[in-house]
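# Coordinate analysis (summary)
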Amino acid sequence: MFETLSGRLGDIFDKLRGRGVLNESDVGAAMREVRVALLEADVALSVVKDFVEKVRERAVGQEVLRSVTPGQMVVKIVNDELVAMLGGDSEDINLNAVPPVAIMMVGLQGSGKTTSTAKIAKRLAGRDRKRVLMASLDTRRPAAQEQLKILGTQINVPTLPIIPGQMPLDIAKRAMEAARLGGYDVVMLDTAGRLHVDEGLMTELDSVKFSTMPTEILLVADALTGQDAVNVARQFNDRLNVTGIVLTRMDGDGRGGAALSMRAVTGRPIKLVGTGEKLDELDNFHPSRVASRILGMGDVVSLVEKAQEMVSEQDAEAMVKRLRKGQFTLVDYQKQLAQMRKMGGMSGILGLLPGVGKLKKALAGANIDESMLVRQDAIINSMTPKEREHTKIIAASRKKRIAAGSGTSVQEVNKLLKQHQQMADMMKKMGKGGKGMPQLPPGFDGLLPR
Amino acid sequence: MSEPEKKGWFSRLKDGLKKSTSSVSDGITGLFTTGVLSGKRKLDAATLDELEDVLIMADFGVVTAARVTQELSRTRLDKEVSDEEIRRTLAGVVAQTLIPVAKPLVIDPANRPHVLLVVGVNGSGKTTTIGKLARQFRNQGKSVMLAAGDTFRAAAIEQLAVWGERNGVPVIAKPVGSDAAAVAFEALEKAREQNIDVLMIDTAGRLQNKQGLMEELAKIVRVIRKADPAAPHDTLLVLDATTGQNAVQQVDVFRSVAQISGLIMTKLDGTARGGVLVACAEKFGLPIHAIGVGESIEDLQPFDAREFADTIAGVAA
């Protein structure tokens, strides 16, 4: 997501940055390219026009012309406007009402409502320890109600028993009643997919809204949506006053234009994004982080957070102690490998690092071998505990045995040992508080305990 | 179904495309009402720019929109043109691209069964399209069998089973989590035994950038070929009209993995205009078989290039 857009904008900004002086026509040319880049990323035309106009206005003003690095200044303005367009802070689901609180999921057919319903329910029930009941009001698509029921069993969240032939509004009422009696905190109402121009079905949603008084009406939309995103968002919002947007399929290779358009058109926050087919693949949406990612500035905050999730405090402390003493054995190295893999491998980490956007493309071309991490792990596993602690004892015959045991070659064993040695040397310097930060291999610096 | 009166397919198409039409043609009319002369106006660079914007809003994409406006400008630049003239020329240019790819889906009676593999990203409308096609084949007196190849998504098998029941056609299924290729293989053998005319194989939705899932799709095709080297006789990619420029990417990847033989575009009854179809036609030249313009079974229509172009440009029939 966003890679293509990020790459295009990067090229445009590179041209700007190199210039000492910028005149109006330079800015104009750059803005035309920005316009095309955004349009190709499926950002809605009206949104693109507004955006480009705002940036242009500021960019030809005093602010830029007087600054020492005008190119850099333009990039900053684009960044500011992007953040403004995406909305400021990330916003969470609002459950602020007397329980049971209703959450309504609405959207076009095939946008991912049912899956998103289950994902949100799982998160509320697990992370937030809420008692959640799910109910499907989709009486139109064959087996839609069964789908939610099956998902419910998978995530251990109860669903309202299905009564065939019952109308959506009656199902909603029954769900709220069951939740009151059962002492539930949250009722997730999954509605049928519908076109925003379908008056009859929109009236049905109105009546469900009126009878359940939801704290959240979440519009579920496909991140791959094109120019139509504005129509969909506007009409659902005009009709129902949606409270937030859930963008699905953010793991596709779409270019994220819908994210930019929908927020801009409705003024409603994008609250959550779906990032995969598994039911825990749901993330909060952080506008400023996404903006930096689009501009190729990386997303260090997310990287640190990811690392924090993966590395336990105690592990980190123990590691720091060992490093202070200048110890960095293969066991430590192996732990780092495992953490990297948990965080989505090299490419996952690289994607979040600043300035690596382009490098990443090059790496993909060079076909960086993610399985290297797995093989190195196997090599270490084929060693005796003693060998892992004292690499010096690994002589030629031991290397042969290790290579055979791990299904690799002696060269690969050597390579691993060399890499480990380099890292150990580096750690030693850091442990002693040596002069300056040594150059870390990419991907490892975010992982080190500080 | 929900339709109270029986309408001809043409009026259905027009109804379905009304939204798409009105937005583009409103745009075109808008060009004239804002102009100094209402009704006639010089086709100058500014007007062309605006026209290009209108096409971009219809998901034509920047490149295709530029090409189409360029075609217009080549012949008509600086001439006085009417609203209607612009519409006609626009329709002509669009139709030119689409006519060569508008080909109906042909079931070859020599194939028993004629195997149709249906693929696409999640939520594009694969299962619904299969349900509608099944009814249409049944109405033509063909025997049909369905294979529930989406063994991943919850209740996908049940969803197809309901369509099977509605149309009175057998559905071959295995438990959730089974190998989709095995389902396809078994269905193909059963279809042969029972001398079935058309076998339609549903598949799980997959995003084209998920390599593992695309490999699984390639495997399904390989396994089908083991049972019948000529199958699948048609591999249909179902595209969602609301999708933007990503549709081009979808066609590209699915084509190379599963040798797509034709396209079907669904959900053209909303405000989405499906202009990306023009870009796809230009780039890949794959046949476009049908479009979905509504929820009832007859709303899956054969694709007619001229009609599509005319309605998109708002030419009065």
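As shown above, the structure is provided for reference.
Residues numbered from 1 in each chain as written. Chains lettered and ligands numbered in written order. Predicted model: local features only at pLDDT ≥ 70, side-chain atom pairs only at ≥ 80, totals over all residues. Heavy atoms only, no water.

This part is about unusual backbone geometry. With an omega of 0°, the peptide bond between Pro99(A) and Pro100(A) qualifies as cis. In this structure, Pro100(A) sits in the loop between α5 (70-86) and β1 (101-106). Of note, the bond from Ala231(B) into Pro232(B) is cis; its omega dihedral lies within 30 degrees of zero at -10°. Considering the arrangement of structural elements, one finds Pro232(B) in the loop between α8 (211-227) and β7 (234-240). Positive phi outside glycine occurs at Asn156(A), with the angle close to 60°. On the accessibility criterion, Asn156(A) (71% relative accessible area) is exposed. (Helix = DSSP H or I, 4+ residues; strand = E, 2+ residues; numbered from the N terminus. Buried < 20%, exposed > 50% of the residue type's maximum accessible area, 1.4 Å probe, protein only.)

A word on the sheet that holds strand β5 (residues 171-172) of chain B. All names here are of chain B. With mixed pairing, the eight strands of this open sheet are ordered in space as β5-β4-β6-β3-β7-β8-β9-β10. Each end of this open sheet is capped by a strand with a single partner; those strands are β5 and β10 (300-302). Two strands pair when backbone bridges link them, and strand β8 (residues 262-266) and strand β9 (residues 288-292) are joined in this way by three bridges, in the parallel orientation. Bridge pairing in β9 links Met-265 to Ile-291. (Pairing = 2+ DSSP bridges.)

Close approach of charged atoms lets side chains of opposite charge pair. Counting across every chain of the model gives 30 salt bridges over all chains. For Arg127(A), the salt bridge goes to Asp92(A), with nearest N and O atoms at 3.6 Å. You can see Arg127(A) sitting in the loop between α6 (113-126) and β2 (132-136) and its partner Asp92(A) sitting in the loop between α5 and β1, a full 35 residues away along the chain. Here Arg127(A) falls in the partly exposed class, since its relative accessible area comes to 48%. As a salt-bridge pair, Glu387(A) and Arg398(A) come within 2.8 Å of each other at their nearest N and O atoms. Taken together, the residues span a long stretch of sequence, with Glu387(A) in helix α19 (residues 385-389) and Arg398(A) in helix α20 (residues 396-406) at a distance of eleven residues. Taking the relative accessible area as the measure of exposure, Glu387(A) reaches 0% and is therefore buried. The class of Arg398(A) is partly exposed, set by a relative accessible area of 30%. Taken together, the salt bridges that share partners define one network made up of Arg67(B), Glu71(B), Arg74(B) and Glu282(B). (Salt bridge = Lys/Arg side-chain N within 4 Å of Asp/Glu carboxyl O.)

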